[in-house]
Amino acid sequence: SPRHETLVRVGLDRIGLPVFGALQKAAAIELPERHLGLVQAEEDPALTDRLARLADLAEANLDLDALAAAARPTRAISAAEATRLTPPGQRIALARDAAFSFVYPHLLAAWRAAGAEILPFSPLANEAPDDSADVAWLPGGYPELHAGRLANAERFRAGLIRFAATRPVHGECGGFMALGAGLVDADGVRHAMVGLLGLETSYAKRRLHLGYRHARLLTDMPGARAGSALRGHEFHYASILAQPDAPLAQVEDANGAPVDETGARRGTVTGTFFHWVDQDLTPAVSSAASGTRP
């Protein structure tokens with residue numbers, strides 16, 4: 001708003017920071033929302049037009065020449081400096097469609113930089129993971145919006161079960177829920193999921209789970225060994241109705257408080273509600289016992 005712009009300009013002027021311009025509120029560039037935030041770019045049919053309108057507004061309201069002149073080069077960092085993420089396999093079958101659309105780009109970049117090959121497949125198109133892969137990874141997304149289609153994707157389900165008989169499978173958040181026994185949608189209808197884990201989740205009983213996570217693995221998972229410390233991020237509204245499998249990790253929030261969502265493991269199959277962000281080299285999770293924070 002104009003008032004907000006005035007306040008910001010005055011505040012930045014007092015500390016000597018230049019203002020290159022401001023974008024006013026404009027309906028033409030508003031992004032659609034849903035229960036987990038903004039609709040993702042790949043699902044926005046008007047994205048190209050929206051970006052073009054945003055570019056026009058930027059050109060009209062920002063001093064782009066001054067902004068470019070103020071830019072300074074940064075030092076390129078190596079993949080080893082950027083992350084300590086280890087690929088979960090040499091050939092990674094990655095679920096990728098509207099139901100499994102959320103994966104941190106730096107995760108994929110780190111895997112590729114380490115020499116791994118990523119083989120996308122679409123559960124919504126009833127595709128099974130590539131049989132040449134040595135691990136299958138189901139990232140987060142919106143399985144609750146596509147639960148009926150996933151429940152009827154028999155080729156996907158049979159292929160993933162066959163894959164898991166000899167190779168590891170891991171799911172994050174939405175992928176974790178899809179690996180479970182069942183998912184209850186917002187209307188209270190239960191849909192059978194893959195069944196490689198016993199997890200039962202519900203969106204009819206919604207509760208926000210949000211925050212950074214620090215996990216100490218109790219057993220191996222793809223890309224990390226038992227005892228490894230991981231940093232992650234959790235954001236979902238699903239409630240756990242049942243989780244009969246062995247816990248995958250000891251998990252704490254950013255304040256060192258224990259978190260009930262410990263993930264699960266059954267045979268070669270693992271899953272977590274948190275999205276893996278990076279490996280952690282800090283001491284083991286021990287705040288509950290010692291009063292110290294990780």
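A.B. asks: How do you make sense of the pattern of salt bridges when you look at a structure like this?
C.D. replies: Oppositely charged side chains may form a pair once their charged atoms are brought near each other. This model, assessed by the stated rule, comprises seven salt bridges. Glu200 is the partner of Arg190 in a salt bridge, and the nearest nitrogen-oxygen pair spans 2.7 Å. Of this pair, Arg190 sits in strand β8 (residues 190-192) while Glu200 sits in strand β9 (residues 200-202), and the two are ten residues apart along the sequence. The class of Glu200 is buried, set by a relative accessible area of 17%. Between Asp245 and Arg266 there is a salt bridge whose closest N-O contact spans 2.8 Å. With Asp245 in the loop between β12 (239-242) and β13 (249-253) and Arg266 in strand β14 (residues 264-266), the pair connects residues that are 21 residues apart, well separated along the chain. Accessibility expressed as a relative area gives 11% for Asp245, which makes it buried.

A.B. asks: What should I look at first to understand the environment of Phe100 in this one?
C.D. replies: With respect to the secondary-structure elements, Phe100 resides in the loop between β3 (91-95) and α5 (105-113). Given the relative accessible area of 0%, Phe100 is considered buried. Taking the C-alpha atoms as reference, Phe100 lies 10.0 Å from Gly171; in sequence the two are 71 residues apart. Once residues within four sequence positions are removed from consideration, Phe100 is found in contact with Ala95, Pro123, Leu138, Pro139, Gly140, Gly141, Leu150, Gly174, Gly175 and Ala178.

A.B. asks: I keep staring at the sheet that holds strand β10 (residues 209-217) and nothing clicks. Help me out?
C.D. replies: Hydrogen bonding along the main chain pairs the strands of a sheet, whether they run parallel or antiparallel. Here we have four strands laid out as an open sheet, ordered β13-β10-β11-β16, and antiparallel in their pairing. Either end of the sheet is taken by a strand with one partner, and the two such strands are β13 and β16 (275-280). On average, each strand axis in the sheet is tilted by 30° relative to the strand beside it, whichever way the strands run. Relative to strand β11 (residues 229-236), β10 runs antiparallel, the two sharing eight bridges. When the bridges of β11 are listed, Tyr212 appears paired with His233.

A.B. asks: Looking at this model, I keep getting lost on the side chain of Ser228. Mind explaining?
C.D. replies: On the secondary structure map, Ser228 appears in the loop between β10 and β11. The class of Ser228 is buried, set by a relative accessible area of 14%. Among the polar contacts made by the side chain of Ser228, one reaches the main-chain carbonyl oxygen of Arg225 at a distance of 2.8 Å. Apart from the residues within four sequence positions on either side, Ser228 is in contact with Ala215, Arg216, Leu217 and Gln279.

The rules behind these values
Residues numbered from 1 in each chain as written. Predicted model: local features only at pLDDT ≥ 70, side-chain atom pairs only at ≥ 80, totals over all residues. Heavy atoms only, no water. Salt bridge = Lys/Arg side-chain N within 4 Å of Asp/Glu carboxyl O. Helix = DSSP H or I, 4+ residues; strand = E, 2+ residues; numbered from the N terminus. Buried < 20%, exposed > 50% of the residue type's maximum accessible area, 1.4 Å probe, protein only. Contact = heavy atoms within 4.5 Å. Pairing = 2+ DSSP bridges. Axes fitted to C-alpha atoms, helices over the stretch in contact; angles between N-to-C directions. Polar contact = N/O pair within 3.5 Å; in protein donor to acceptor, adjacent residues only side chain to side chain.

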